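Coordinate inspection notes
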Amino acid sequence: MRFSLQRRFLLLLLLPVALILTFVGITGFVLMRNYVLEQWVASTNLRLEKAALAIQTQLDDKLDLINLIAKTERIPRKNVAQAFLLQQLIHKEGVKFVDVINIPGTGQGSARVAELERPGVSSLEGLYTMELCEDMEFCAPTLDPNSLDRSLTVVKPFAGPDGKVKRQLLARISFESFLKPVTTSDEWRGSTFLLVTSTGQFLASTDKSMADRRKLGETGNELEKKLLAEIRTKSFGTILGHGHPPDDVAGFCKVPNINWYVVQCAHGRDILAPMQQFRFYYALVGILSVAVILILIRVTTRSVAQSVSEVAEAAARVKSGDYKVTLPEERSDEIGQLSHSFNEMIAGLKQRDLIERTFGRYVDRYVAEELMKRPESLRLGGEKRIVTIMMADLRNFTAVSEQLTPEQVIAIINRYFSRMIRVIERYRGIIVDFYGDAVLVFFNGMQADLKSRAADAVKCALDMQEEQKEFIKENLVHGLPELQMGIGIHTGEVIVGNIGTESRAKYGIVGSDVNLTARIQSVAGGGRVVVSQETVETLGDRIEVSADFRVCLKGVGKDRELYEVESIDWEGPAEFCPLD
């Protein structure tokens, strides 16, 4: 048998392990590949946002200086100040040309008053021309797709002391300079970056082979077409090309305050290069793991076979209903843990059977919890005990239900009881029974202080009335009638115990005081909590009543002094002591 088990282990364990490793490897590779791609997309969005802000910062830096030059037009010795600032501007990264000229027709002639130009640069014509109308604000942008010089021309009119514009500053900035930060960073290595307009017009590219490109999608590339469509409607995003993984991916982000977009393009194989290495090492580790498992199977089969036989025999005895069986736990390895777990399972099965019997007989879970500590308490019978009894009932519900459909009646009852039961359970009240739309609850000692439990009952009733207000609002929203609830509370002696038969029983109360509570409830107005004199005497000065009255109750020999509750001094649910 042991030899047969060894062969089965080799076949039924080693083969599945090999298949699982293969499946996990393939699945893990696919999932990790997608994860890496998703992470690239997420990180690209952040990096592009950072690059867009860097471009905006570069542009703002130059525009700040241009606006400062314009402001010197109104100060004395403006030529000296302007010359100094022009020197500063011409040395900014990417600035190719700066010139201040007179505007013809202003009486100033057309002679240049200042010119700073780098060697070999003389033309003012650029791909993109924008006029600065206000500080840091472009207006009247002009795009010349046929221009050979990919630069930004900035025009800033100067207003003199008289407020008339007689001169203007012309500056030409290379678009490639805006992409310089991303080309020098290691985190961008392997990617191509573009600076384009919202219409797809090329402004700059880090790929020299694209120097003569004019517009996205002009070569028929599907990825560029998708990218152009996305740019027209979104501020940022990512586009995936064909294939799984995609052959190419592209991300884009709008430069703040200007109609430019920075675009990053990369090949899928470059993004997933680490996954190719992962696949190789995983295959190597998988082969080694199968070899180690083969050796371990041969070494441990005999010991495992014997332990499995013992567990199988014990399980057969448990199946027949013998819960006395136990397994030795002297071993400290996994077999010992298995034996320990098996023994705990047996104890759990015993407890489960007890719970099933208990909860099959008792409705209230608090009662079940207490009685489970003393299984001998499950015997039929009871004892006399002073308890506080509460009964709540909806007013005029019978008349209202005759005007509703059966579905509406059931829906109202279910929602009503779901709210009330939550409150009752919060105060550890024991639900005896439901009588149509009425509920009978008692707050028995269960080794707790009688006064505290009476306070729990009154506070529970007040909270139930507050909950009833929310229930009424809910009914009105659904077009259902308003239903008020009356609550009666009484403290008296009853018989508490198990009522029924051995096959079916419930934990409840019987006695004349139960009927008296029902009579008190019947005189409680809607939204009111009425208590008996016995309950008031039990609580003493902890309870505050708003009215007291004498009434003749049906079936009661003499008039009873009743009180309408206003509030109660309540410090929280009473703590239960363990049963003796």
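Residues numbered from 1 in each chain as written. Predicted model: local features only at pLDDT ≥ 70, side-chain atom pairs only at ≥ 80, totals over all residues. Heavy atoms only, no water.

**A closer look at the pairing of strand S11 (residues 260-267)**
Within S11, 6 of the 8 residues are buried, which leaves the element mostly enclosed by the surrounding structure. Across 6 bridges, strand S7 (residues 192-197) lies against S11 in antiparallel orientation. In the sheet register, threonine 192 faces S11, and the bridge partner there is cysteine 265. In this sheet, S11 lies alongside strand S10 (residues 248-254) in antiparallel orientation, the contact comprising 7 bridges. Bridge pairing links phenylalanine 252 to valine 263 in S11. What sits between S10 and S11 in their antiparallel hairpin is a turn of 5 residues, with asparagine 257 showing a positive phi close to 65°. (Buried < 20%, exposed > 50% of the residue type's maximum accessible area, 1.4 Å probe, protein only. Helix = DSSP H or I, 4+ residues; strand = E, 2+ residues; numbered from the N terminus. Pairing = 2+ DSSP bridges.)

**Observations concerning the pairing of strand S9 (residues 236-240)**
Residue alternation in S9 divides its side chains into a buried set, Gly237 and Ile239, and an unburied set, Phe236, Thr238 and Leu240. In this sheet, S10 lies alongside S9 in antiparallel orientation, the contact comprising 5 bridges. The residue bridging threonine 238 from the neighbouring strand is glycine 251, located in S10.

**Brief notes about the packing of aromatic side chains**
Using the criterion set out here, one finds 10 aromatic pairs in the structure. Centroid distance phenylalanine 175 to phenylalanine 178: 6.3 Å. Interplanar angle 50°. Geometry classified as tilted. Grouping residues by exposure puts phenylalanine 175 and phenylalanine 178 together as buried. A network of ring pairs unites the aromatic residues Tyr128, Phe175, Phe178 and Trp260 as a single cluster. (Phe/Tyr/Trp six-rings, centres within 6.5 Å; stacked < 30°, edge-to-face > 60°.)

**Points about the pattern of salt bridges**
All chains considered together, the criterion is met by 19 salt bridges. One salt bridge in this structure joins aspartate 456 and arginine 453, with 2.9 Å as the shortest N-O distance. Here the residue aspartate 456 and the residue arginine 453 both occupy positions in helix H11 (residues 450-477), the gap between them amounting to 3 residues, near one helical turn. Exposure remark for aspartate 456: the relative accessible area of 0% places this residue in the buried category. On the basis of relative accessibility, which here comes to 0%, the residue arginine 453 falls in the buried class. With a shortest N-O distance of 3.5 Å, lysine 459 and aspartate 463 are connected by a salt bridge. Taken together, the positions of lysine 459 and aspartate 463, both in helix H11 and 4 residues apart, correspond to about one turn of that helix. In this structure, a network of salt bridges that share partners links the residues Arg415, Arg419, Arg422, Glu467 and Glu474. (Salt bridge = Lys/Arg side-chain N within 4 Å of Asp/Glu carboxyl O.)

**A few points about the side chain of glutamine 56**
Position of glutamine 56 relative to the elements: it lies in helix H1 (residues 2-71). Of the residues examined, glutamine 56 reaches a relative accessible area of 9% and is grouped as buried. Here the side chain of glutamine 56 touches aspartate 60 through a polar contact of 2.6 Å, side chain to side chain. Setting aside chain neighbours within four positions, we find glutamine 56 in contact with Val255, Pro256, Asn257 and Ile258. (Polar contact = N/O pair within 3.5 Å; in protein donor to acceptor, adjacent residues only side chain to side chain. Contact = heavy atoms within 4.5 Å.)

**Remarks on empty space enclosed by the protein**
Counted under the stated rule, the structure contains 2 cavities of 30 Å³ or more. What the largest cavity holds in volume is close to 50 Å³. Together, Ser307, Glu310, Val311, Leu327, Pro328, Ile335, Leu338 and Ser339 line the largest cavity. Listing elements by their share of the lining of the largest cavity, those giving two or more residues are helix H6 (273-319) and helix H7 (334-361). Of the residues belonging to the lining of the largest cavity, the class tally is 5 nonpolar, 2 polar and 1 charged. (1 Å grid on protein atoms, 1.4 Å probe; cavity = no way out; pocket = protein on both sides within 12 Å on 5 of 7 lines; lining within 4 Å. Points joined across faces, edges and corners; volume = space filled by probe spheres on them. Nonpolar A, V, L, I, M, F, W, Y, C, P; charged D, E, K, R; others polar.)

**Observations regarding the packing of helix H10 (residues 406-426) against H11**
Packing of H10 against H11 brings their axes to within 10 Å, and their N-to-C directions diverge by 150°. In terms of axis orientation, H10 runs roughly antiparallel to H11. Considering only the axes of H10 and H11, their crossing is right-handed. The residues of H11 that touch H10, namely those facing Ile412, Arg415, Tyr416, Arg419, Met420, Arg422, Val423, Ile424 and Arg426, are Cys460, Asp463, Met464, Glu467, Gln468, Glu470, Phe471, Glu474 and Asn475. (Axes fitted to C-alpha atoms, helices over the stretch in contact; angles between N-to-C directions. Parallel < 35°, antiparallel > 145°, perpendicular 65-115°, else oblique. Left-handed = near helix turned anticlockwise from the far one by under 90°.)

**A closer look at helix H2 (residues 78-90)**
With 13 residues, H2 should reach 18 Å at 1.5 Å per residue; the first-to-last C-alpha distance of 18 Å fits that figure. All buried positions along H2 are accounted for by Gln82, Leu85, Leu86, Leu89 and Ile90. All buried residues of H2 lie within an arc of 135° about the axis, which places them on one face of the element. For H2, the exposed residues set more than 90 degrees away from the buried face come down to Val80 and Phe84. (Expected span 1.5 Å × (residues − 1). Arc of directions from axis to C-beta.)

**Quick look at the sheet that holds S11**
Taken together, 5 strands build an open sheet; the order of strands is S8-S7-S11-S10-S9 and the sheet is antiparallel. The sheet is open, and its two borders are formed by strand S8 (202-205) and S9, each paired with just one other strand. For this sheet the average axis-to-axis angle between neighbouring strands, irrespective of direction, equals 20°. The sheet strands contacting helix H4 (residues 222-231) are S7, S9, S10 and S11, and the helix crosses S10 at an angle near 20°.

**Looking at unusual backbone geometry**
Phi at asparagine 257 takes a positive value of approximately 65°, unusual for a residue other than glycine. Structurally, the position occupied by asparagine 257 is in the loop between S10 and S11. The exposure class assigned to asparagine 257 is exposed, which follows from its relative accessible area of 72%. One non-glycine residue, asparagine 396, adopts positive backbone phi at about 60°. Along the chain, the position of asparagine 396 falls in the loop between strand S12 (381-394) and helix H9 (397-401).

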